[in-house]
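Reading the structure
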Amino acid sequence: MATIGKSNLSIEDIKYADKDEKETLLEHDSEPDEDMIFNRPSTSNGISRADGKMDSVRIQIQEVTHVMRDNVMKVMERGERLEDLQDASDRLTLAGNQFREAAKKAQRRAWLQNVKSRIIIVSVTLMIVFFIIVLDILALYLVLR
């Protein structure tokens, strides 16, 4: 079949394209309005100028419907990609919230460990000081006795 460009079509191409277009459109769930346009009986004798214009218009209509189908497919694909992005965004939000909670728990554990270590250091220091004082008092008591 010849290309669909306007300047490359001959009258023979248009005649043969009309049958092919009807078959193609009928294969693709055509709507009643399209059926009315493409299946309407011709009133001309077959090679008249009006019939050539009608065929040209039919080809243009086919081009437009092809472009529109492509556009609809692209919109549907875009919608699917947007849904995928939304799902990924939801997963990232959930992962971010879980990370935030885990970071808070880790921070609390680190703070508690820091407090415990300070309490232990202060306790050991106080015990050492206490033993030094008790030993000094004990030594003084033994010496004075």
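By convention here, each chain's residues receive numbers from 1 onward along its written sequence. Residue-level local features of this predicted model are given only where pLDDT is at least 70; pairs of side-chain atoms are given and counted only at 80 or more, and the full residue set underlies all totals for whole chains, interfaces and linings. The basis for the side-chain values is all heavy atoms of the structure; hydrogens and waters are excluded.

So, on to the overall build of the chain. Helix numbering and strand numbering both begin at the N terminus, where a helix is a DSSP run of H or I of at least 4 residues and a strand a DSSP run of E of at least 2. Scanning the chain from N- to C-terminus turns up three helices and zero strands. Scanning the chain from its N terminus toward the C terminus, one meets helices and strands in the order α-α-α. Residue burial in the chain is summarised as follows: out of 145 residues, 10% are buried. In this description, contact between two residues means that some pair of their heavy atoms is separated by no more than 4.5 Å. The contacts of the chain with a sequence gap of at least 6 include a subset with a gap of at least 24, amounting to 56%. Only the protein chains shown count as cover for residues, and the accessible areas themselves come from Shrake-Rupley with a 1.4 Å probe. For the chain, the accessible surface area stands at approximately 12500 Å², while carbon and sulfur atoms represent 62% of it. Classification of residues uses two cut-offs on accessible area relative to the type maximum, computed with a 1.4 Å probe and protein chains only: under 20% is buried, over 50% is exposed, and between them is partly exposed.

With numbering matched to this structure, UniProt assigns "transmembrane region" (unreviewed entry) to residues 119–144. Between the end C-alpha atoms of residues 119–144 the distance is 37 Å, and the span holds 100% helix and 0% strand. UniProt positions are given in the numbering used here, feature names are shortened, and annotations may be inferred rather than shown by experiment.

This part is about a positive patch on the surface. Surface patches are defined over residues having more than 30% relative accessible area and no salt bridge, joining like charges when they lie within 9 Å and nonpolar side chains (Val, Leu, Ile, Met, Phe, Trp, Tyr) when within 5 Å. The working definition used for a salt bridge is a side-chain nitrogen of Lys or Arg within 4 Å of a carboxyl oxygen of Asp or Glu. Only four residue types enter the tally: Lys and Arg on the positive side, Asp and Glu on the negative side, with His and both chain ends excluded. To locate a charge, take NZ of a lysine, CZ of an arginine, CG of an aspartate or CD of a glutamate. On the surface, Arg100, Lys104, Lys105, Arg108 and Arg109 cluster together to form a positively charged patch. Within the secondary structure layout, Arg108 lies in helix 3 (residues 49–144). Residue Arg108 is classed as exposed on the basis of its relative accessible area, which comes to 55%.

Counted by the stated rule, this structure contains one salt bridge. The partner of Arg58 in a salt bridge is Asp55, and the shortest N-O contact between them spans 3.0 Å. Of this pair, Arg58 and Asp55 both sit in helix 3, three residues apart, which is roughly one turn of that helix. Considered together, Arg58 and Asp55 belong to a single accessibility category, that of buried residues.

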